[in-house]
Amino acid sequence: MCGIIGYVGKQDAVPIIVDGLKKLEYRGYDSSGIAVHGKDGISVVKQKGRLSALEEQLAKTPLEGSLGIGHTRWATHGEPSDINSHPHIGSQSKIAIVHNGIIENYKQLKNYLEKRGVVFASQTDSEVIAQLAEYYYSGDAIETVIKMTSRLEGSYALGIMCLDDPGTLIATRKDNPLIVGVSDGGHFIASDVPAILKHTNTVHYLEDNEIAVLKAGSVEFFNADKEPLQKTPETITWNPDSAEKGGYPHFMLKEIMEQPKVLRDTLHSAIHSGGNKDVINDLDIARFNKIVITACGSAYNAGVVGKYVFERLCRFPAIEVELASEFRYKDAVIDEKTLVILISQSGETADTIAALREAKAKGAVTLSIVNVVGSTIAKEADCCLFTAAGPEIAVATTKAFSAQLMILYVLAIWFGAKLGKISAEAEQMLFWELENIPSYVEEILAQVDSIQKYAAEYVSCKNTFFIGRNIDYAIALEGSLKLKEISYVHSEAYAGGELKHGPISLVEENTLIVAISNCKSLYGKIMSNVEQVVSRGARVLLIGNCPDAAEDEKLSHISIPGSIDLFSPSVTVAALQLFSYYVAANKGLDIDKPRNLAKSVTVE
């Protein structure tokens, strides 16, 4: 949610910041703005709407300077508007800030300042930061930041400029990600790596309450006592081209097509070489009597798939899947014999971070599956497995989800073997099947023309139900989420056997039923559900390993390759992703940036 970029160096800051903001659009936003420290002091241009509106305004009101901060805002406090957009500047025009996060005590602080004559311009919690900093400022910007942040309750990542210090950019954070990039041409702050990857792959990850002071020729770090810190830079291995569309009309389509490579790279890191293999080998699964998987959104759906696979292969006494937003409040029954697996693409999901901390406080061992090295969850978990997805720009996850599934499969096989629930021969066969998944996905991606045809055929359907049984139900959850995320079609997922317990009352003429069937033993059951909905006027798209389906004129069919149902979600999901993508494309929607959604949900 929201995006920050800042630059100080020798170049014109505006084009660097605008380009960085474009790389952060995937985080979700409804307004944007830039502040530049130039010869006339601090100047601000900000605009409601897309970045194109900001660029138009910048063309009318050019800004010049080699120090600047930029922001894309996703409204929390105060409606989307020009005045509520960031950056915010104090009433004396001495301090400008950009802020990600939520200030929980902003009303108290605002009342405090208003009683002392401070006049506020916006309805945001963020303006309180600029006004409070200006109120405390007495010539030392670092001291001001320390004093100001000591009064803040909530979460924040901050970029700060001071009128009296035209060559300095200050950054600090608490419970919200912020990185510092260094290069010969200048230094950067950003919410996420893609914003600066074009300029540098050398970064420092700020920890909570650390302060970074950036000048054109130096970067210094301090703690909350103003004591200097020594931080070791990290090198980002992502290819800068991976943050570009590469000729595709949308990032989402590009990322769908990248999945075979992502699956191969992730599998290789877990069973052949790399840090993932070492982490898996060092984990003593026999010490646990319970596994809890917790996550949000698509990552939660990956966890539901994982539960089915773990149960089948490990025969573990207790495996639970919890929404992180519920786990953090339910007073979960966990202890030192519980393994809590946390899944997050960004590693910064607020609810999942809270679940992680709750689990650790109760003595559980925590294992994270994330895509971003240096993220909060990656650092705070007892051990971490990294997905080899590279930067994922589209808001709706595709390749990161697939990589999460691959890691879960490897864990389940390894757990099952270590616990003696599967033989060495079965373990070898299962790993062989994993090696084939990328090729199966390539077969699905080769069906793009027929999937695109079905999407055009069903684009007028206003209500869609995804149904499946057993592990097919688990992946139906993700198919339904993808469709509603990017095409705004009302969509729900149900276990096939639950249709007659309520949902079938909503089935009528032109309702679309996406039926998933890869479990051979349950094919007859799901086809019985299909007959029930067809008789009520529904249209059916059957996705699965169903040899007889091509002969049935009542339905459309997408064939899924593969020999066992256990890993079929990884293949099925590619078809579901393409179908959702082309439904949205046929509707002419903004696929990479669906309305009201953000890539990384860093506030509750």
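In case you missed it, the structure is sitting above this.
The rules behind each value
Residues numbered from 1 in each chain as written. Predicted model: local features only at pLDDT ≥ 70, side-chain atom pairs only at ≥ 80, totals over all residues. Heavy atoms only, no water. Helix = DSSP H or I, 4+ residues; strand = E, 2+ residues; numbered from the N terminus. Rg over C-alpha atoms; globule rule 2.2 N^0.38 Å. Buried < 20%, exposed > 50% of the residue type's maximum accessible area, 1.4 Å probe, protein only. Contact = heavy atoms within 4.5 Å. Pairing = 2+ DSSP bridges. Axes fitted to C-alpha atoms, helices over the stretch in contact; angles between N-to-C directions. Parallel < 35°, antiparallel > 145°, perpendicular 65-115°, else oblique. Left-handed = near helix turned anticlockwise from the far one by under 90°. Nonpolar A, V, L, I, M, F, W, Y, C, P; charged D, E, K, R; others polar. Salt bridge = Lys/Arg side-chain N within 4 Å of Asp/Glu carboxyl O. Phe/Tyr/Trp six-rings, centres within 6.5 Å; stacked < 30°, edge-to-face > 60°. Lys NZ or Arg CZ within 6 Å of the ring centre and 35° of its normal. Core = buried A, V, L, I, M, F, W, Y, C linked by side-chain atoms within 4.5 Å.

A. The arrangement of the overall build of the protein in detail. Looking only at helices and strands, the protein has 18 helices and 25 strands in total. Computed over the C-alpha atoms, the radius of gyration of the protein is 25 Å, within 12% of the 25 Å expected from 2.2 N^0.38 for a compact globule of 604 residues. Projected onto its principal axes, the C-alpha coordinates of the protein cover approximately 75 × 55 × 45 Å. The buried share among the 604 residues of the protein stands at 61%. Considering only residue pairs separated by 6 or more positions, the protein has 73% of its internal contacts joining residues 24 or more positions apart.

B. View of the pairing of strand β10 (residues 186-190). In terms of burial, β10 is largely enclosed, as 5 of its 5 residues are buried. Side chains Gly186, Phe188 and Ala190 project from β10 onto one buried face, and the interleaved His187 and Ile189 project onto a second face that is buried too. Bridging between strand β1 (residues 3-9) and β10 involves 5 bridges; their strand directions are antiparallel. The residue bridging Gly9 from the neighbouring strand is Gly186, located in β10. With 5 bridges connecting them, strand β9 (residues 179-183) and β10 associate as antiparallel partners. Across the sheet, Ser183 pairs through a bridge with Gly186, a residue of β10. The turn linking β9 back onto β10 is made up of 2 residues.

C. Quick peek at the packing of helix α9 (residues 297-314) against helix α13 (residues 399-418). Two elements in contact, α9 and α13, have axes separated by 9 Å at closest approach and are oriented at 20°. By the angle between their axes, α9 is roughly parallel relative to α13. Considering the relative orientation of α9 and α13, their crossing is right-handed. Contacts between α9 and α13 involve Ser298, Ala299, Asn301, Ala302, Gly303, Val305, Gly306, Val309, Phe310, Leu313 and Cys314 from the first element and Phe401, Gln404, Leu405, Leu408, Tyr409, Leu411, Ala412, Ile413, Phe415 and Gly416 from the second. Here the residues of the contact of α9 with α13 are counted per class, giving 15 nonpolar, 6 polar and no charged.

D. Structural context of the pattern of salt bridges. Counted by the stated rule, this structure contains 29 salt bridges. Of the charged contacts in the structure, one is a salt bridge between Asp175 and Lys174, with a shortest N-O distance of 3.3 Å. One network of salt bridges, in which partners are shared, links Lys174, Asp175, Arg357 and Glu380.

E. Spotlight on the packing of aromatic side chains. Here the structure, examined in full by the defined rule, presents 8 aromatic pairs. Taking the centre distance of 4.7 Å and the plane angle of 50° together, the rings of Tyr409 and Phe567 count as tilted. With a gap of 158 residues between them, Tyr409 in helix α13 and Phe567 in the loop between β25 (555-559) and α18 (568-586) connect regions that are remote in the sequence. With a relative accessible area of 1%, Tyr409 lands in the buried category. Where Phe465 meets Tyr494, the ring centres are 6.0 Å apart and the plane angle is 40°; that geometry is what we call tilted. One end of the pair, Phe465, is in strand β21 (residues 463-468); the other, Tyr494, is in strand β22 (residues 490-495), and 29 residues separate them in sequence. Looking at Tyr494, the relative accessible area reads 27%, which means it is partly exposed. Chaining the aromatic ring pairs together yields one cluster made of Tyr112, Tyr135 and Tyr136. Here Lys231 stacks its cationic end above the ring of Phe221, 5.9 Å away from the centre of that ring. One Lys or Arg, Arg595, reaches over the ring of Tyr488 and ends 3.9 Å from the middle of that ring.

F. Spatial organisation of the sheet that holds strand β13 (residues 218-222). Across the sheet, 7 strands lie side by side as β5-β6-β7-β8-β12-β13-β14; this open sheet has antiparallel pairing. Where the open sheet ends on each side, the last strands, each with one partner, are β5 (88-89) and β14 (228-229). Bridging between β13 and β14 involves 2 bridges; their strand directions are antiparallel. Bridge pairing in β14 places Phe222 opposite Pro228. In the packing of helix α4 (residues 127-136) onto the sheet, contacts are made with β5, β6 (95-100) and β7 (156-162), and the angle to β6 comes to roughly 145°.

G. The pairing of β7, seen in detail. Burial analysis of β7 places 7 of its 7 residues in the buried class, the great majority of the element. Side chains Tyr156, Leu158, Ile160 and Cys162 of β7 all project onto a buried face; the interleaved residues Ala157, Gly159 and Met161 project onto the opposite face, where all are buried too. Here β6 runs beside β7; their pairing, made up of 6 bridges, is antiparallel. Within β7, the residue paired with Ile97 across the bridge is Ile160. Of the strand pairs in this sheet, β7 and strand β8 (residues 169-174) are connected by 5 bridges, and their pairing is antiparallel. Bridge pairing in β8 places Ala157 opposite Arg173.

H. Quick peek at the sheet that holds β25. The 5 strands are arranged β22-β21-β23-β24-β25 in an open sheet whose pairing can be described as parallel. Every other strand in the sheet has two partners, leaving β22 and β25 as the edge strands with one partner each. For this sheet, the mean angle separating the axes of adjacent strands, direction not counted, is 20°. When strand β24 (residues 539-544) meets β25, the two strands line up parallel, connected through 5 bridges.

I. Fine view of the packing of α13 against α18. Where α13 meets α18, the closest approach of the two axes is 10 Å, and the angle between their N-to-C directions is 170°. Classified by the angle their axes make, α13 and α18 are roughly antiparallel. Note on element contacts: α18 touches α13 through Pro569, Ser570, Val573 and Gln577, opposite Phe401, Ser402, Leu405 and Tyr409. Of the residues contributing to the contact of α13 with α18, the split by class is 5 nonpolar, 3 polar and no charged.

J. Inspection of the environment of Gly306 at higher detail. Turning to its location among the elements, Gly306 is positioned in helix α9. A relative accessible area of 2% places Gly306 in the buried class. Among residues more than four places away in sequence, those in contact with Gly306 are Ile293 and Leu408.

K. Structural detail: unusual backbone geometry. For Asn470, which is not glycine, the phi dihedral falls at a positive 60°. Mapped onto the elements, Asn470 comes out in the loop between β21 and α16 (471-487). Given a relative accessible area of 32%, Asn470 falls into the partly exposed group. For Tyr488, which is not glycine, the phi dihedral falls at a positive 60°.

L. The nonpolar core, seen in detail. By size, the foremost hydrophobic cluster in this structure holds 96 residues, and its most contacted members are Phe310, Leu339, Ile341, Leu411, Phe415, Leu434 and Phe579. Of the residues forming this core, the biggest block, 12 residues, is contributed by α13. Among all residues touching Phe415, those that are not within four sequence positions of it are Leu283, Ile285, Ile291, Phe310, Cys314 and Leu339. Formed by 29 residues, the second largest nonpolar core is a distinct cluster that contains Ala133, Tyr136, Ala141 and Leu152.

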